[in-house]
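# Overview (structure and organization)
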Amino acid sequence: MRFEPIDRPPHAFQQPVTAGQIQAVCHRVFGADARVSSAVELGLGMYNSTFKVTVEGRDRPVVVRFAPEPARQCVSEREFMRNEYATVPYLAPIAPLMPRIIAADWSHELVGRDYLVQTLLDGVPAPEGLSDYPRPTWTGFFRRLGEITRIIHDVRGPGFGTVAAPRHATWSRAVTESLHDIASDLDDAGLDSADLRKAAALAEERHAVLDEITEPRLLTGDLWTVNVMIDPGAPEPTITGVLDLDRTSWGDPAADWPIRLAASRQDERVAFWEAYGERDLSPSAVWRSLVYEIRHLGAVRLERHRHGQGDRVDESYDAVAEVLSRLT
């Protein structure tokens, strides 16, 4: 087997698997005679460990994704892979864009970690492919991204919170619990979480504003360019696939990651709104957006710490302080 893992320091969050473990997974999924000819780790993701695996006799390579070991997972990021698996039936409206799950294994018998085996999507990652096109042609890409986001947000759910986890009856409870979970993870990491806890207290105090949101909608959690594949031969950037929607939840569409990023700059991404629709800019919606921004910043702080980006962790405290000053 040609085995090409990414070389990472021993303390890195993304821990390696062995060639033998990948072969064992393929034996379980494809049969005892399955032989892996190559396994190449893909480096775009920052949470799971993902390999492009070629099995002799199969027409196309497959993707094998390994979740972090349970002991390495934070409270706010618990069992993301299982959450993604639970979300698949709700993503039927964009099924042609999604990879198919060939097998899922939560037994930990082979690796000690959850893993998924999926079909390989056509195309190249958007962060790589977009650079081959003139920026004025990116508007079509962002317009289509807005359309996909709207399709997902139109899916209604049974309660508030992550798709696979226990659900909450109100949106305010889901938001405050998520803020407390992130704060607990920051505490465990040895970081100051006082600003996140202050935001949670303000959210609890003004829960009625959050509870104006009464209908749970499906949120992508992480949809943006890094989770999109495009056709490298198309005359303009054309989306061919969407992947890694493991942070999905039920809630207010305005709280979703693509809404935050689409609103963050006045460049080609303004085309996102042409397909998605207008934003709610009422006073209540603006106040809720500040709560959501602090939640995003807390999660980003945690991720930066996990990947050793100390300077950028420090930056997050100033960013949260600025938003808190407008929230109170």
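Scroll up to find the structure this text is about.
Residues numbered from 1 in each chain as written. Predicted model: local features only at pLDDT ≥ 70, side-chain atom pairs only at ≥ 80, totals over all residues. Heavy atoms only, no water.

### Concerning the overall build of the chain
The criterion, for reference: Under the DSSP-based scheme used, a helix requires at least four consecutive residues in state H or I and a strand at least two consecutive residues in state E, with every element numbered from the N terminus. Taken over C-alpha atoms, the radius of gyration is set against a globule rule of 2.2 Å times the number of residues to the power 0.38. The classification of residues rests on relative accessible area computed with a 1.4 Å probe and restricted to protein chains. Under 20% of the type maximum is buried, over 50% is exposed, and intermediate values are partly exposed. Note on contacts: a residue pair qualifies if any of its non-hydrogen atoms lie within 4.5 Å across the two residues. Each accessible area is a Shrake-Rupley estimate made with a 1.4 Å probe; only the visible protein chains count as cover when residues are assessed. Working convention for charge: Lys and Arg count positive, Asp and Glu count negative, and His plus the chain ends are omitted. A charged residue contributes its charge at one atom only: NZ of Lys, CZ of Arg, CG of Asp or CD of Glu.
Of regular secondary structure, the chain possesses 11 helices and 12 strands. For 328 residues, the compact-globule formula gives about 20 Å, and the C-alpha radius of gyration of the chain, at 20 Å, lands near that figure. The principal-axis extent of the C-alpha atoms belonging to the chain is close to 60 × 45 × 40 Å. When the 328 residues of the chain are sorted by exposure, 47% land in the buried category. Excluding contacts between residues fewer than 6 apart, the proportion of contacts in the chain whose partners are at least 24 apart in sequence is 71%. Carbon and sulfur atoms form 51% of the exposed surface of the chain, whose accessible area is close to 15,100 Å². In the chain, the 36 positive side-chain charges and the 49 negative ones have mean positions that sit 1 Å from each other.

### With respect to helix α1 (residues 19–30)
Structurally, the α-helix is built with 3.6 residues per turn, so residues lying three or four positions apart point the same way. Note the cut-off: Helix span, as expected, comes to 1.5 Å for every residue beyond the first.
End to end, α1 covers 16 Å across 12 residues, agreeing with the expected 16 Å (1.5 Å per residue, within 8%). Elements in contact with the buried residues of α1: β1 (2–4), β2 (36–42), β3 (49–55), β4 (62–66) and β6 (115–119). Just past α1, the residue glycine 31 takes up positive phi, approximately 110°.

### A short note on the sheet that holds strand β8 (residues 161–162)
Filter applied, for reference: For two strands to be treated as a pair, DSSP must find no fewer than two bridges joining them.
Pairing in this open sheet of three strands is antiparallel, and the strands run β8-β12-β9 from one edge to the other. Each edge of the sheet is formed by a strand with only one pairing partner; in this case those strands are β8 and β9 (217–219). With two bridges joining them, β8 and strand β12 (residues 249–251) adopt antiparallel strand pairing. Note on β12: the bridge partner recorded for threonine 162 is serine 249.

### Regarding the sheet that holds strand β10 (residues 228–230)
Here is the rule: For helices, the fitted axis covers only the stretch in contact; all axes are lines through C-alpha atoms, and the angles between them, taken along N-to-C directions, range from 0 to 180 degrees.
Spatially, the three strands line up as an open sheet ordered β7-β10-β11, and their pairing is antiparallel. Strands at the two margins of the open sheet, each flanked by one partner only, are β7 (124–125) and β11 (239–242). In the sheet, β7 pairs with β10 via two bridges, with the strands oriented antiparallel. Across the sheet, proline 125 pairs through a bridge with methionine 229, a residue of β10. Here helix α4 (residues 138–153) sits on the sheet in contact with β10 and β11, set at roughly 40° to β11.

### What about unusual backbone geometry?
Phi is positive for glutamate 79, close to 55°, though the residue is something other than glycine. Within the secondary structure layout, glutamate 79 lies in the loop between β4 and α2 (80–87). One non-glycine residue with positive phi stands out, namely histidine 108, at about 65°. Taking relative accessible area as the criterion, histidine 108 reaches 27% and is therefore assigned partly exposed.

### Some details on the packing of aromatic side chains
For clarity, the threshold we go by: Stacked, tilted and edge-to-face are the three classes assigned to paired rings of Phe, Tyr and Trp, where Trp is represented by its six-membered ring and a pair needs centres within 6.5 Å; plane angles under 30 degrees give stacked, over 60 edge-to-face, the rest tilted.
A full pass over the atoms with the stated rule returns 15 aromatic pairs. Both rings, one in phenylalanine 141 and one in phenylalanine 142, keep their centres 5.1 Å apart while their planes meet at 85°; by these two values the pair is edge-to-face. We note that phenylalanine 141, like phenylalanine 142, is buried. Both rings, one in tryptophan 224 and one in phenylalanine 272, keep their centres 6.2 Å apart while their planes meet at 45°; by these two values the pair is tilted. Residue tryptophan 224 is found in the loop between β9 and β10, and its partner phenylalanine 272 is found in helix α9 (residues 272–276); the two are separated by 48 residues along the sequence. For tryptophan 224, a relative accessible area of 8% gives the class buried. Overall, the relative accessible area of 0% leaves phenylalanine 272 in the buried class.

### Considerations on the side chain of glutamate 77
Secondary-structure assignment places glutamate 77 in the loop between β4 and α2. Glutamate 77 has contacts with Tyr47, Arg247, Leu302 and Arg306, leaving out every residue within four places of it along the chain.

Limitation: the analysis is restricted to geometry and does not speak to function.
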